[in-house]
Each structure stands twice: as structure tokens, then as C-alpha cells.
Amino acid sequence: MIGRALLGLTLAAGTARADETALHSTIGWGNTVEPAVVAVSTQGGYDGVQQRVLATGLVEVALDSRLSVFAAVTFGEEAGGATRPAVGLAVQLVDPRRAPVGLRLSSAYKPEGFAEPEGEVEAVLTAAHLFERNVARAVVAYGRDLEGNESDVELGVGYLQRVTPNLVVGASSRYRYAIARRDTATRWDVIGGAVGDVELERWRVELLVGGGAVGAAKTAFGPLGLVSVGFDL
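As a starting point, this report considers the structure included with it. (Residues numbered from 1 in each chain as written. Predicted model: local features only at pLDDT ≥ 70, side-chain atom pairs only at ≥ 80, totals over all residues. Heavy atoms only, no water.)

**Focus: empty space enclosed by the protein**
Put simply, the test is: Of the two site types, the cavity is a set of points on a 1 Å grid over the protein atoms alone where a 1.4 Å probe fits but cannot get out, and the pocket is an open set with protein on both sides within 12 Å along at least five of seven lines, each lined by residues with an atom within 4 Å of a point. Grid points are joined across faces, edges and corners, and a volume is the space filled by probe spheres set on the points. Each helix corresponds to a stretch of at least 4 residues labelled H or I by DSSP, and each strand to a stretch of at least 2 residues labelled E; elements are numbered beginning at the N terminus. In this count, Pro and Cys sit with the nonpolar residues alongside Ala, Val, Leu, Ile, Met, Phe, Trp and Tyr, while Asp, Glu, Lys and Arg are called charged and the others, Gly among them, polar.
Counted according to the given criterion, the structure contains two cavities of 30 Å³ or more. One number sums up the size of the largest cavity: a volume of about 50 Å³. Lining the largest cavity are Leu23, His24, Thr26, Asn31, Thr32, Val33, Glu34, Pro35, Ala39 and Asp232. Roughly 40 Å³ of volume is contained in the second largest cavity. In terms of lining residues, the second largest cavity is bounded by Gly28, Trp29, Ser172, Ser173, Arg174, Ile191, Gly192 and Leu208. For the lining of the second largest cavity, the secondary-structure elements that each account for two or more residues are β9 (167-180) and β10 (188-200). Considering each element in turn, the lining of the second largest cavity owes the most residues, three residues, to β9. Partitioned by chemical class, the residues of the lining of the second largest cavity number three nonpolar, four polar and one charged.

Shown next, in the form of C-alpha cells:
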């Protein structure tokens, strides 16, 4: 009797984790929910329209069930290929596993470089709806430097569907518009593509393949490929 109960609890826990596989996808997005203890993710690839190699590493640590802190390093965000750190705080306003729509708010400070304290403040609001074993997400972000010389807004949507206990597929897209910018040549850019996510125990390997466009004097198009490896503790 006790053995059957323990087996049932184990199976239920495994099913619950499988149902959340899509919820933990981070490629192109970052985290949608707070980590249980620690979440680590890395991402790299090539943006053909911007002609840049991209790389990101992020570590997020839970302070409690709703609050976490994170630190990140990015390469290739700017045309010069600068390496930029970031530190921030995230709050799970509503958990999507316990409500129809989950909301996560994060804020980060991103200096221009490790030796340059000046930078920008960015706020990100992520909404997620978990239904059956699939996830629909939307994001809005706003960033600006402290002097107000540069600012931009981002909007994104995505959908992920679990096709096996360890495999998730879907699509993701994001649009960014420059409200204010020193370089007025580029006003907007957009990326999008197909997503695949394989989860092995607490490890995730993800792939995003698609393309992008940049609005300047003449709109340019190019391919986009990203791969991500991460794990949750």
C-alpha cells in the first residue's frame, strides 16, 4: 500500500515536470518562472542580418519562491562586439502553474562594459499561459540609458508544444523599436524562427533557427541561428 502510494507520487512528480518542460525554455527569451534554487543558461549563435556572433551566459539564484537575483554576460549586442555585464532582480508576480496567466517582472542594469559604469536600465514583463502541456508566452521590455539619449521598446510572442516527455517544439518572434537613438540609421529590427527543446533530467539543449530583418535606409534581411545549453537545480 505504502509502496503504491510512493510510486504514484513519483509518477505524478515526473508528469508535472514533463508538463512544465515548455515553461522552462529560455532560448531567445530568458527565464519565464523563478528557479527552484539555481538556473544556468548559455546561448550562442549568429545573427546574419546584423552580421554578428552572439553569446550570452546567465546565472539566476532564487531568494525565495517569488524573488530571485541574476547576473549575465553578453557578447555581440552592439555593432562593435562589446562584452557587457548585467545584474538584476526578478519577481514572480503570478505563477502560471497556479493561475490562468503568469506574470514575471525583472529589472536589470547593463553597463557599457566591465570597466565602464555607465549603461542602461531595462525592465521586462513576461506573461505565460500554461495549458495542458503547452505554453503561450508574450513579453514587453523597455530600456533606456540614464541620460535618456537612447531608449527602445521590445514586444515578443511565442508558443511551445510538448510532443514527447523530453521534446518541445514551437515558434518564437521578437520586435524591437528604437524610440531614441544616437545612430538614427536603424529604427527597428525583428527576429523569429522555429524552436526545438530537448530536456534530459535537469539539462536543456535548445535550438532556434529562423531569420531577421533590420529597418534602416533600406530594409535588410538575414538568417538567424542560436543554440542554448542550460540546467536547473
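Moving on from the coordinates now.
**A word on the nonpolar core**
Convention followed: Residues belong to one nonpolar core when they are buried, are Ala, Val, Leu, Ile, Met, Phe, Trp, Tyr or Cys, and are joined through side-chain atoms within 4.5 Å. Relative accessibility thresholds used throughout: buried, under 20% of the residue-type maximum; exposed, over 50%; partly exposed, between the two (1.4 Å probe, protein chains only). Any pair of residues with heavy atoms lying within 4.5 Å of one another is described as a contacting pair.
Formed by 13 residues in total, the largest nonpolar core has its most connected members in Val135 and Leu208. Looking at this core, the elements with two or more residues in it are β6 (116-131) and β12 (220-232). Those residues within four positions of Val135 in sequence are excluded, and the remaining contacts are Ala22, Leu23, Ala128, His129, Leu130, Gly158, Tyr159 and Leu160. Judged by nonpolar contacts, the second largest core, of six residues, contains Leu58, Phe70, Ala72 and Ala90.

**What about a negative patch on the surface?**
Threshold: Each patch is built from salt-bridge-free residues with over 30% relative accessible area, joining like charges within 9 Å and nonpolar side chains (Val, Leu, Ile, Met, Phe, Trp, Tyr) within 5 Å. Surface accessibility in these figures is a Shrake-Rupley result with a 1.4 Å probe; residues are shielded only by whichever protein chains are displayed. The salt bridge criterion pairs a side-chain nitrogen of Lys or Arg with a carboxyl oxygen of Asp or Glu, the two atoms within 4 Å. Positive charges come from Lys and Arg alone, negative charges from Asp and Glu alone, with His and the N- and C-terminal ends not counted. Lysine's charge is taken at NZ, arginine's at CZ, aspartate's at CG and glutamate's at CD.
Among the surface-exposed residues, Glu112, Glu116, Glu118 and Glu147 lie close enough to one another that they form a single negatively charged patch. Within the secondary structure layout, Glu118 lies in strand β6.

**Brief notes about the packing of aromatic side chains**
Each aromatic ring pair is described using two quantities: the centre-to-centre distance and the angle formed by the ring planes. Selection rule: Two rings belonging to Phe, Tyr or Trp (six-membered ring only in the last case) form a pair when the distance between their centres is within 6.5 Å. Interplanar angles under 30 degrees mark stacking, angles over 60 mark edge-to-face geometry, and anything in between is tilted. The criterion for a charge sitting over a ring is simple: Lys NZ or Arg CZ within 6 Å of the ring centre, and within 35 degrees of the ring normal.
Counted under the stated rule, the structure contains three aromatic pairs. If you follow Arg137 out to its NZ or CZ, it ends over the ring of Trp29, 4.5 Å from the centre. The ring of Trp29 has Arg174 lying over it, and the distance from NZ or CZ to the ring centre is 5.7 Å.

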